[in-house]
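Summary of the model geometry
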Amino acid sequence: MARRIWLPYPDLAAAGKALGPLPEGLVTDLFLADGRWPDSIGEVELVVAPYMFPPTKVMARVKEMTSLKVVQLLSAGYDNYVPFLPPGVQLCNAAGVHDASTAELAVSLALASNRHLDVYARNMATGTWGNDFSISLADRRVLIVGYGRIGAAIEQRLAGFEVASVTRVARRARGGEAPVHPIEQLTALLPDADIVFLITPLTPQTRHLIGETELSLLPDDALVVNVARGPVVDTDALVAQTASGRIRAALDVTDPEPLPADHPLWSVSYTHRCV
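Note that the coordinates shown come from a computational prediction; the quantities given were computed from them, not determined experimentally. (Residues numbered from 1 in each chain as written. Predicted model: local features only at pLDDT ≥ 70, side-chain atom pairs only at ≥ 80, totals over all residues. Heavy atoms only, no water.)

Describing a nonpolar patch on the surface
- Among the surface-exposed residues, Leu-19, Leu-22 and Leu-26 lie close enough to one another that they form a single nonpolar patch of about 230 Å² accessible area.
- With respect to the helices and strands, the residue Leu-19 is situated in helix H1 (residues 12-19).
- Assessed through its relative accessible area of 43%, Leu-19 is described here as partly exposed. (Patch = residues over 30% accessible without salt bridge, like charges linked within 9 Å, V, L, I, M, F, W, Y side chains within 5 Å. Areas by Shrake-Rupley, 256 points an atom, 1.4 Å probe, with all protein chains shown as cover. Salt bridge = Lys/Arg side-chain N within 4 Å of Asp/Glu carboxyl O. Helix = DSSP H or I, 4+ residues; strand = E, 2+ residues; numbered from the N terminus. Buried < 20%, exposed > 50% of the residue type's maximum accessible area, 1.4 Å probe, protein only.)

Below you can see the structure in the form of structure tokens.
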């Protein structure tokens, strides 16, 4: 019996070019979450969600997907889909797919913020010749919060920058050559961190994991790099701490998201809009 799947491509030629020949026994429909719905909505068993589309669009008619068994995401993050998942439907994320790109972005945000690359880019547009002092990654004490596959990839990319140390934090402690501290030790570790990389999943336990207390424990001029989820950090606390100039932030994600044009985070942090 044929099994019906939905793939996020504009046509079958594009799907074939990206995926190659599909296994026998699969019937494919195309689904871009653009308001058009295949007629097979009651027969589809596997939906591959279009990348970066909100679940409100992808799962808008999920009650009609009476044969649905699996939702496959193209992102590592999955928390935003959980509330829309019917009982008995399996949710799969793209663990491992974005390790390199996310780690590269995290290190790039740290470099751009420390080296004031945004300032120099704006100076180019006005022909302004200016000098200032910036900070290297070398000799910085790094704390990676959420040490999984992407956390390990961040550490690998820091290896050539001569950072002073890398401290790892995850939900549970792990031993070995790269020991990992449990999350319960986070507040004890923050005072010795010059750069904090956040790469935790968003769960009830990690929502506002970094708040006023945690930010106040960081040393002066520390940098918070968030490539996890916006609500992992308490936005009001982050605005207060960065607006004072005591610490800095480089953000790939924010809360709220997208960030309103008049939000103070735009002016007190290095904010990268992921497209």
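Moving on from the model shown.
What to know about the nonpolar core
- Judged by nonpolar contacts, the single largest core of 27 residues is most densely connected at Leu-143, Val-145, Val-196, Leu-198, Leu-215 and Leu-218.
- Elements that contribute at least two residues to this core include exactly strand E6 (141-145), helix H6 (186-189), strand E9 (195-198), helix H8 (235-243) and strand E11 (248-251).
- Looking at which element gives the most residues to this core, the answer is H8, with 3 residues.
- Beyond its immediate chain neighbours, meaning those up to four positions away, Val-145 contacts Val-169, Ile-183, Leu-186, Val-196, Phe-197, Leu-198, Ile-199, Thr-200 and Leu-209.
- Judged by nonpolar contacts, the second largest core, of 25 residues, contains Ala-106, Ile-144, Ile-154 and Val-180. (Core = buried A, V, L, I, M, F, W, Y, C linked by side-chain atoms within 4.5 Å. Contact = heavy atoms within 4.5 Å.)

What about the pairing of E9?
- Along E9, one buried face is formed by Ile-195 and Phe-197 and the opposite face, lined by Val-196 and Leu-198, is buried too.
- Bridge analysis of E6 against E9 gives 4 bridges, and the strand direction is parallel. Paired with Leu-143 across the two strands is Val-196, which belongs to E9.
- In terms of strand pairing, E9 meets strand E10 (residues 223-226) through 4 bridges, oriented parallel. The partner of Leu-198 across the bridge, within E10, is Asn-226.
- Read as a crossover between parallel neighbours, the route from E9 over helix H7 (residues 212-217) to E10 is right-handed. (Pairing = 2+ DSSP bridges. Right-handed = clockwise from strand over helix to strand, strands pointing away.)

A closer look at unusual backbone geometry
- Across the junction of Asp-255 and Pro-256, the peptide omega takes the value 10 degrees, indicating a cis bond.
- Tracing the backbone through its elements, the reader meets Pro-256 in the loop between E11 and helix H9 (265-268).
- Omega for the peptide link from Glu-257 to Pro-258 comes to 0 degrees, which places this bond in the cis form.
- Looking at where Pro-258 falls in the secondary structure, it is placed in the loop between E11 and H9.
- Non-glycine residue Asp-221 carries a positive phi angle of around 70 degrees.
- With respect to the element layout, Asp-221 can be found in the loop between H7 and E10.

Brief notes about the pattern of salt bridges
- This structure, assessed with the given rule, holds 14 salt bridges.
- Two residues, Arg-36 and Asp-34, come together in a salt bridge whose shortest N-O distance is 2.4 Å.
- Residue classification places Arg-36 among the exposed residues on the basis of a relative accessible area of 58%.
- One salt bridge in this structure joins Asp-220 and Arg-246, with 3.0 Å as the shortest N-O distance. One end of the pair, Asp-220, is in the loop between H7 and E10; the other, Arg-246, is in the loop between H8 and E11, and 26 residues separate them in sequence.
- In this structure, a network of salt bridges that share partners links the residues Arg-3, Glu-45 and Lys-69.

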